[in-house]
Amino acid sequence: MRVLAAMSGGVDSAVAAARVVAAGHDVVGVHLALSAKPGTLRTGSRGCCTIEDAGDARRAADMLGIPYYVWDFAERFTEEVVETFVGEYAAGRTPNPCVTCNEKIKFEALLEKAVALGFDAVCTGHYARLTVVDGVPELRRSADEGKDQSYVLASLTPDQLRHAMFPLGDSRKSDVRAEAAERGLSVAAKPDSHDICFIPDGDTKSFLEKRLGQRPGDLVDAETGAVLGQHTGVHGFTVGQRKGLGIDAPAPDGRPRYVLGLEPVSGAVKVGSARDLAVHRIEADRPIWPGEPLRPGPTECVAQVRAHGGMAPAVAEVVDGGVVVELREPLSGVAPGQVVVLYRPDADGGDVVLGSAKIAATA
């Protein structure tokens, strides 16, 4: 097949490309320029998509003997990912920009261009497995549980999955690094990027304040309605947050306070105890089914609300075009704007992705 290998400049995408080359496919490497003003160098694991990353991707392509190009997706990335991220926080929701990037950039914009140019598939270094059962694609968890990225890929459609390749799905990260070293790839020991790529210093609050300004409001006790303090904008908080609340006096019982809810119109940030964070029901909209859609009626599943962790057995049902998820065990710190991913239950918890939807409300 003709395969376009998305090469970020990291070890995972380099080894994924190497495996596709070794399998005998006709491979072209491409690096996505996602910033109009990329930083010159990254600092350890902070940030990505820098000039350094582009250079590392080029060197890996040269080692593999494949053509290499840089495609400028900066404008679309800003519109689809960065502006969506800012808008969601302004509305009191908590977005996951990695989910948005995979959906809108790597498997919409990139795949559309790749198919238009005659490529059969796009290869990435994501840790997830992809199988086809009776002609229907199944997205599954990675063999390396600690690196599994099926959660951030669960927004992909069946057609997008039919044109996707995840060569690292059956591998562990340690083995990928060892293979990179054996192949002589210079990125073998390069640190992974752990931060939001467009906020390399990790200071999300400052990033948002520069774009949204200050929107003062009250910190309110959710139980009594008492005003406990002030803040400079609901965009500086997320449900489940404990630190940085700016409340001087402790709670009457001496226990920590947590953010329970955000009201962007009034500017109120409601806080309370840890027990009030428990969520038993999730209402979500805009569902996406990577394989077959859920059948009518209740479906046993495993619900996951964060990329790593936040899992519970549940019953899901399609209602009025959205999805209602009843959790058999409560989850904590579930925020509107996050994505809930549903997995088919099995002996190990849940392996096959059933679908995903954006959380609209919790109870």
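Keep in mind it's a predicted model, so treat the numbers as computed, not measured.

Rules used in this analysis
- Along each chain, residue indices are assigned from 1 in the same order as the chain's sequence is written.
- Restriction of local features to residues with pLDDT of at least 70 applies here, the model being predicted, together with a cutoff of 80 or more for giving and counting side-chain atom pairs; totals for whole chains, interfaces and linings are based on all residues.
- Side-chain numbers here rest on the full set of heavy atoms in the structure, without hydrogens or water.
- For patch building, the residue pool is restricted to those with more than 30% relative accessible area and no salt bridge; the joining distance is 9 Å between like charges and 5 Å between nonpolar side chains (Val, Leu, Ile, Met, Phe, Trp, Tyr).
- Surface accessibility in these figures is a Shrake-Rupley result with a 1.4 Å probe; residues are shielded only by whichever protein chains are displayed.
- By salt bridge we mean one thing: a side-chain nitrogen of Lys or Arg within 4 Å of a carboxyl oxygen of Asp or Glu.
- Under the convention used here, Asp and Glu are negative, Lys and Arg are positive, and both His and the chain ends fall outside the count.
- All charge positions are set by atom: Lys at NZ, Arg at CZ, Asp at CG, Glu at CD.
- Helix and strand assignments come from DSSP, with helices taken as H or I runs of at least 4 residues and strands as E runs of at least 2, each series counted from the N terminus.
- Geometry of aromatic contacts follows a simple scheme: Phe, Tyr and Trp rings, the Trp one being its six-membered ring, pair when their centres are within 6.5 Å, and the pair is stacked under 30 degrees between planes, edge-to-face over 60, tilted otherwise.
- Exposure is judged per residue with a 1.4 Å probe applied to protein chains only, and the accessible area is read against the type maximum: over 50% gives exposed, under 20% gives buried, and values in between give partly exposed.
- Both a distance and an angle decide whether a charge sits over a ring: NZ of Lys or CZ of Arg must be within 6 Å of the ring centre and within 35 degrees of the ring normal.
- Only strands that DSSP links by at least two bridges are regarded as paired with each other.
- Contact definition: two residues touch when any of their heavy atoms are within 4.5 Å.
- Axis definition: a line fitted to C-alpha atoms, limited for helices to the stretch in contact. Angles are taken between N-to-C directions and run from 0 to 180 degrees.
- Put simply, angles under 35 degrees are roughly parallel, angles over 145 are roughly antiparallel, angles from 65 to 115 are roughly perpendicular, and the rest are oblique.
- Note that Gly is not counted as nonpolar here; it falls among the polar residues with everything else outside the nonpolar set of Ala, Val, Leu, Ile, Met, Phe, Trp, Tyr, Cys and Pro and the charged set of Asp, Glu, Lys and Arg.
- The directions considered for the arc run from the helix axis to the C-beta atoms.
- We define a polar contact as two N or O atoms separated by no more than 3.5 Å, with the added condition that, inside protein, one atom must be a possible hydrogen donor and the other a possible acceptor, whereas residues neighbouring each other in sequence contribute only through side-chain atom pairs.
- Handedness of a crossing is defined here by the sense of rotation of the near helix relative to the far one, left-handed for an anticlockwise turn of less than a right angle and right-handed for a clockwise turn.

A look at a negative patch on the surface
On the surface, a cluster of negative charge is made up of Asp-72, Glu-75, Glu-79 and Glu-83. Element by element, the count of residues in the negative patch is highest for helix H3 (residues 74-90), at 3 residues. Along the chain, Glu-75 turns up in helix H3.

Some points on the packing of aromatic side chains
The final tally for this structure, using the stated rule, is 7 aromatic pairs. Plain terms: the ring middles of Phe-77 and Phe-198 are 6.0 Å apart, the flat faces sit at 70° to each other, and that makes the pair edge-to-face. Of this pair, Phe-77 sits in helix H3 while Phe-198 sits in the loop between helix H7 (173-182) and helix H8 (204-212), and the two are 121 residues apart along the sequence. Side by side, Phe-77 and Phe-198 carry an identical accessibility label, which is buried. Lying across the ring of Phe-119, Arg-2 places its NZ or CZ 4.2 Å from the centre. Sitting over the ring of Trp-71, Lys-113 keeps its end group 4.2 Å from the ring centre.

Focus: the sheet that holds strand S2 (residues 26-33)
As a general point, the strands of a sheet are linked pairwise by backbone hydrogen bonds and lie either parallel or antiparallel. Pairing in this open sheet of 5 strands is parallel, and the strands run S3-S2-S1-S4-S7 from one edge to the other. At either end of the open sheet lies a strand with only one pairing partner, and these are strand S3 (68-72) and strand S7 (164-165). Looking at chain direction, strand S4 (residues 121-123) and S7 are connected through 2 bridges and run parallel. Paired with Cys-123 across the strands is Met-165, a residue of S7.

Examining the side chain of Asp-148
With respect to the helices and strands, the residue Asp-148 is situated in the loop between strand S6 (136-140) and helix H5 (150-153). Those residues in contact with Asp-148 that sit more than four places away from it in its chain are Tyr-127, Arg-140, Arg-141, Ser-142, Ala-307, His-308 and Tyr-343.

Topic: the packing of H3 against H8
Their axes nearest at 11 Å, the elements H3 and H8 cross at an angle of 90°. Of the possible angle classes, the one that applies to H3 and H8 is roughly perpendicular. Residues Val-82, Phe-85, Val-86, Tyr-89 and Ala-90 of H3 touch H8, and the partners they reach there are Thr-204, Phe-207, Leu-208, Arg-211 and Leu-212. Here the contact of H3 with H8 is built from residues that sort into 8 nonpolar, 1 polar and 1 charged.

A word on the pairing of strand S17 (residues 352-362)
Note: strand S12 (residues 278-288) against S17, 5 bridges, orientation antiparallel. Residue pairing for S17: Ile-282 is matched across the bridge by Thr-362. Relative to S17, strand S16 (residues 339-344) runs antiparallel, the two being bridged by 6 bridges. Each bridged residue has a counterpart across the sheet, and for Val-341 the counterpart in S17 is Ser-356.

Topic: H8
Within H8, the full set of buried residues consists of Phe-207, Leu-208 and Leu-212. In a view along the axis of H8, the buried residues occupy a sector of 110°, so they form one face of it. On its buried face, H8 sits against H3. Trailing H8 by a residue or two, Gly-213 shows a phi angle of about 75°, which is positive.

Some thoughts on the side chain of His-235
Secondary-structure assignment places His-235 in the loop between strand S9 (227-231) and strand S10 (258-263). Residue His-235 is classed as buried on the basis of its relative accessible area, which comes to 3%. Only 3.4 Å separates the side chain of His-235 from the backbone oxygen of Gly-213, close enough to count as a polar contact. Not counting the four nearest positions on each side in its chain, His-235 is found in contact with Tyr-89, Leu-208, Glu-209, Leu-212, Gly-213 and Arg-215.

Structural notes on the packing of helix H1 (residues 11-22) against H7
Packed helices, taken two at a time, are described by the angle their axes make and the gap between the axes. Following both chains from N to C, one finds H1 and H7 inclined at 70°, their axes separated by 10 Å at the closest point. As judged from the angle between their axes, H1 and H7 are roughly perpendicular. Of the two possible hands of crossing, H1 and H7 adopt the one that is left-handed. Taken together, the residues of H7 that come into contact with H1 (itself represented by Val-11, Asp-12, Val-15 and Arg-19) are Lys-173, Val-176, Arg-177, Glu-179 and Ala-180. Among the residues forming the contact of H1 with H7, the class breakdown is 4 nonpolar, no polar and 5 charged.

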